[in-house]
Amino acid sequence: MIPNLHLDIYEDTDRNALADTMEVMSAAFDPVFGEAWTLPQLAGVMMMPGTWLTIARLDATPLGFALVRSVLDECELLLLAVAPLWRGRGIGETLLRNSFITARRKGIISMNLEVRASNNAIHLYEKSGFEYVHRRPGYYRGNDGQLYDALSFRIDIGM
Ligand SMILES: CC(C)(COP(=O)(O)OP(=O)(O)OC[C@H]1O[C@@H](n2cnc3c(N)ncnc32)[C@H](O)[C@@H]1OP(=O)(O)O)[C@@H](O)C(=O)NCCC(=O)NCCS
């Protein structure tokens, strides 16, 4: 864990938070897979009720973020990303665990996610207790037009 890392949670549109998230977004996602969101997509989902964004910062520098959308007592992890130079130091896991805590505080009992079947993030999700639910063949289309399977995972987080 990185000393002085702090997490900020946003439930409404915040210009600075959107800019910091886009900074990590543009560095974190491999363009081949076309998984990075655009600023309008991010701003659009932040306007939906039940969405929250958690940003991990060291001083003022954004290192990672988690984006979650909830409906009633369920939620979906939409995006999780850490800047490449800061990976392997527990920031992704910290963001995920904090998302569980925030979800529980909101009375949410389960979290779902979809991830490309070849994404190493699956190691983190399984380590954190997510269970495989099913495979969606050809669910994602990369920027090169290639199709990639998605795996869906779920975890019970209610207590
Ligand atoms: C997935 C991602 C968020 C992980 O962030 P991170 O800060 O490096 O993760 P952590 O350091 O907290 O890793 C925690 C655990 O996850 C696992 N893990 C994370 N990345 C891994 C990788 N590339 N390969 C294998 N295991 C990995 C490890 O088990 C690790 O535990 P350990 O330290 O005991 O070995 C980061 O790699 C990323 O931003 N990827 C690109 C964006 C993306 O594809 N996000 C997921 C879909 S939205």
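For the structure, check the block above.
Calculation rules
Residues numbered from 1 in each chain as written. Predicted model: local features only at pLDDT ≥ 70, side-chain atom pairs only at ≥ 80, totals over all residues. Heavy atoms only, no water. Pairing = 2+ DSSP bridges. Helix = DSSP H or I, 4+ residues; strand = E, 2+ residues; numbered from the N terminus. Axes fitted to C-alpha atoms, helices over the stretch in contact; angles between N-to-C directions. Core = buried A, V, L, I, M, F, W, Y, C linked by side-chain atoms within 4.5 Å. Buried < 20%, exposed > 50% of the residue type's maximum accessible area, 1.4 Å probe, protein only. Contact = heavy atoms within 4.5 Å. Near = heavy atom within 4 Å. Polar contact = N/O pair within 3.5 Å; in protein donor to acceptor, adjacent residues only side chain to side chain. Phe/Tyr/Trp six-rings, centres within 6.5 Å; stacked < 30°, edge-to-face > 60°. Lys NZ or Arg CZ within 6 Å of the ring centre and 35° of its normal. Right-handed = clockwise from strand over helix to strand, strands pointing away.

> Explain the sheet that holds strand E6 (residues 131–141) to me, please; I cannot follow it from the model alone.
Strand pairing in a sheet relies on backbone hydrogen bonds. The paired strands run either parallel or antiparallel. A sheet is described by the order of its strands in space; here seven strands give the open sequence E1-E2-E3-E4-E5-E7-E6, paired in mixed fashion. If you trace the sheet from one side to the other, it starts and ends with strand E1 (5–10) and E6, each paired once. Pairwise comparison of adjacent strand axes, ignoring direction, gives a mean angle of 25 degrees for this sheet. Looking at chain direction, E6 and strand E7 (residues 147–156) are connected through seven bridges and run antiparallel. In the sheet register, His134 faces E7, and the bridge partner there is Ser152.

> Teacher, can you tell me more about the nonpolar core here?
The nonpolar side chains of a soluble globular protein tend to be buried, and buried together. Grouped together as the largest cluster of nonpolar side chains are 29 residues, with contacts concentrated most on Leu77, Ile91, Leu96, Met111, Tyr125 and Phe130. Those elements that provide at least two residues to this core are strand E2 (51–58), strand E3 (61–71), strand E4 (74–82), helix H3 (91–105), strand E5 (110–116), helix H4 (121–127) and E7. The element best represented in this core is H3, accounting for five residues. Excluding anything up to four places from it in sequence, Leu96 contacts Leu77, Met111, Leu124, Tyr125, Ser128 and Phe130. One finds Ala28, Leu53, Ile55 and Phe65 within the second-largest nonpolar core, a separate group that totals 18 residues.

> What is the right way to read the site of the ligand from this model?
In the region of the ligand, 20 residues are neighbours, and Leu80, Val82, Gly88, Glu93 and Asn119 sit closest. Residue Gly88 places a main-chain N or O atom 2.8 Å away from an oxygen atom belonging to the ligand. Taking Arg89, its main chain carries an N or O atom lying 3.2 Å from an oxygen atom of the ligand. Elements that contribute at least two residues to the shell around the ligand include exactly E4, H3 and H4. It is H4 that provides the largest number of residues to the shell around the ligand, a total of five residues.

> Sorry if this is basic, but what is going on with the packing of aromatic side chains here?
When we look at a pair of aromatic rings, we describe it by the centre distance and by the angle of the planes. The final tally for this structure, using the stated rule, is five aromatic pairs. A ring pair is formed by Tyr139 and Tyr140, whose centres lie 5.1 Å apart and whose planes are at 80 degrees; its orientation type is edge-to-face. Since its relative accessible area comes to 43%, Tyr139 is described here as partly exposed. Among the aromatic residues, ring-to-ring pairing joins Phe100, Tyr125 and Phe130 into one connected group. Geometry around Phe33 places Arg116 over its ring, the cationic atom sitting 3.5 Å from the centre.

> What is the right way to read the environment of Ser70 from this model?
With respect to the helices and strands, the residue Ser70 is situated in strand E3. The spatial distance from the C-alpha of Ser70 to the C-alpha of Pro49 is 8.0 Å, given a sequence separation of 21 residues. When sequence neighbours within four positions are dropped, the list of residues in contact with Ser70 reads Pro49, Gly50, Trp52, Cys75 and Ile108.

> Can you walk me through the pairing of E5 in this structure?
Regular strands have side chains that alternate between both faces of the sheet. Counting buried positions over the seven residues of E5 gives five, a clear majority of the element. Pairing of E4 with E5, which is carried by three bridges, proceeds in the parallel orientation. Bridge pairing links Glu74 to Ser110 in E5. With H3 bridging E4 and its parallel neighbour E5, the resulting β-α-β unit is right-handed.

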